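As a plain string of letters, each chain reads:
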Amino acid sequence: MLFRSVFDRRSPGGLPGVGGTGQSRIFIANVATGQVVASIPNPDPTLDDTAPTWSPDGSTIAFSRGANINGIPGPKHIWLVPVAAPADQRDLSAQVCETACAVIDDSPVFSPDGTHVAFNRENDGLLMVSTDGTGCRVLLPTGQNSCAGPINAPAGPFQPRDISFSPDGTRLVLTTRRAADLNSPEMLAVLDIASGQLTPISQALPGRQKEPDWQQTVDLAVTAPQSTPVIPVNGTETVPVVI
């Protein structure tokens, strides 16, 4: 089996942003050898591609790409690309907005069943949408229903991001600032997707807590015969094992 890793890379000495040098690009590498086996093409040499992540079945990559909306650089959109057809790319943010979509969407993650993508939107939004671009939901802040533009939450939660799904896909652990002040330290919280209930879990800890990751569970059962036939030296025998 070929184990692969996906990552973004900028040329040495390159600077981020439109007009910078050595824009970030996404590559896929063979974990065993380190050899780059594929790359995701970007038709615009001035825009960065960042934050790639695999779908659970390994067939698709979600990532964030810079956008130039009405001649104004700065926005970012979430894109999907099938690994088997890297030129067949789809702008998920544009599907959600249905407009020019001058938003900053970043850090996508797939749901455990691979049917949805969740991501943060500047300044204070957390969105989830089906991989076909339908059924967009504003998970945070609660009470907002439109995915068509930037999202602000004057009363909080402030800048939710760094999301990770629970193994059953019903909850998210995330980072959010403790106050509106941009210098306010981050804490961790758990969001129940169905109810919208956000529960802080690290507010009593000092300092900043960021970039959580939910431990994945592996539910496997292995059965094999209690005994096997005697095998002579240099002989062979087939033993069925069910996983």
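Please read these numbers as outputs of a predicted model, since none were measured by experiment.

Visitor: I'd like to hear about the overall build of the protein chain, residue by residue, with values.
Guide: What the protein chain contains, in helices and strands, is one helix and 15 strands. Each principal axis of the C-alpha atoms in the protein chain carries an extent, and together these give about 75 × 45 × 35 Å. When the 243 residues of the protein chain are sorted by exposure, 41% land in the buried category. Across the protein chain, the fraction of contacts at a sequence separation of at least 24, relative to all contacts at a separation of at least 6, is 41%. Within the structure as shown, the protein chain displays about 13,300 Å² of accessible surface, and the carbon and sulfur contribution to it stands at 55%.

Visitor: Give me the lowdown on the pattern of salt bridges, citing residues and values where you can.
Guide: In the structure shown here, the tally under the stated rule is five salt bridges. With a shortest N-O distance of 2.7 Å, Asp-105 and Arg-121 are connected by a salt bridge. Of this pair, Asp-105 sits in strand β8 (residues 105-110) while Arg-121 is found in strand β9 (residues 116-121), placing the two residues 16 residues apart along the sequence. Overall, the relative accessible area of 1% leaves Arg-121 in the buried class.

Visitor: Describe the pairing of strand β11 (residues 137-140), and please don't skip the residues or the numbers.
Guide: As judged from the three bridges shared by strand β10 (residues 125-130) and β11, these two strands associate in the antiparallel manner. Bridge pairing in β11 places Leu-127 opposite Val-138. Here β10 hands over to β11 after six residues, with Gly-133 in that stretch at a positive phi of 90°.

Visitor: Which residues make up the environment of Pro-73, and what are the values?
Guide: Structurally, Pro-73 can be placed in strand β6 (residues 72-82). Take Pro-73: its relative accessible area is 41%, and that puts it in the partly exposed class. Linking Pro-73 and Glu-186, residues 113 residues apart in sequence, is a C-alpha distance of 28 Å.

Visitor: Mind laying out the environment of Phe-165, listing which residues take part and the relevant values?
Guide: Relative to the assigned elements, Phe-165 resides in strand β12 (residues 158-165). Linking Phe-165 and Ser-202, residues 37 residues apart in sequence, is a C-alpha distance of 18 Å. Excluding residues that lie within four positions of it along the chain, Phe-165 makes contacts with Val-109, Phe-110, Ser-111, Pro-112, Ala-118, Met-128, Arg-171, Leu-172, Ile-193, Trp-214 and Gln-216.

Reading the values: rules and limits
- Residues numbered from 1 in each chain as written.
- Predicted model: local features only at pLDDT ≥ 70, side-chain atom pairs only at ≥ 80, totals over all residues.
- Heavy atoms only, no water.
- Helix = DSSP H or I, 4+ residues; strand = E, 2+ residues; numbered from the N terminus.
- Buried < 20%, exposed > 50% of the residue type's maximum accessible area, 1.4 Å probe, protein only.
- Contact = heavy atoms within 4.5 Å.
- Areas by Shrake-Rupley, 256 points an atom, 1.4 Å probe, with all protein chains shown as cover.
- Salt bridge = Lys/Arg side-chain N within 4 Å of Asp/Glu carboxyl O.
- Pairing = 2+ DSSP bridges.

Interpretation note: all reported values are geometric properties and have no functional meaning in isolation.
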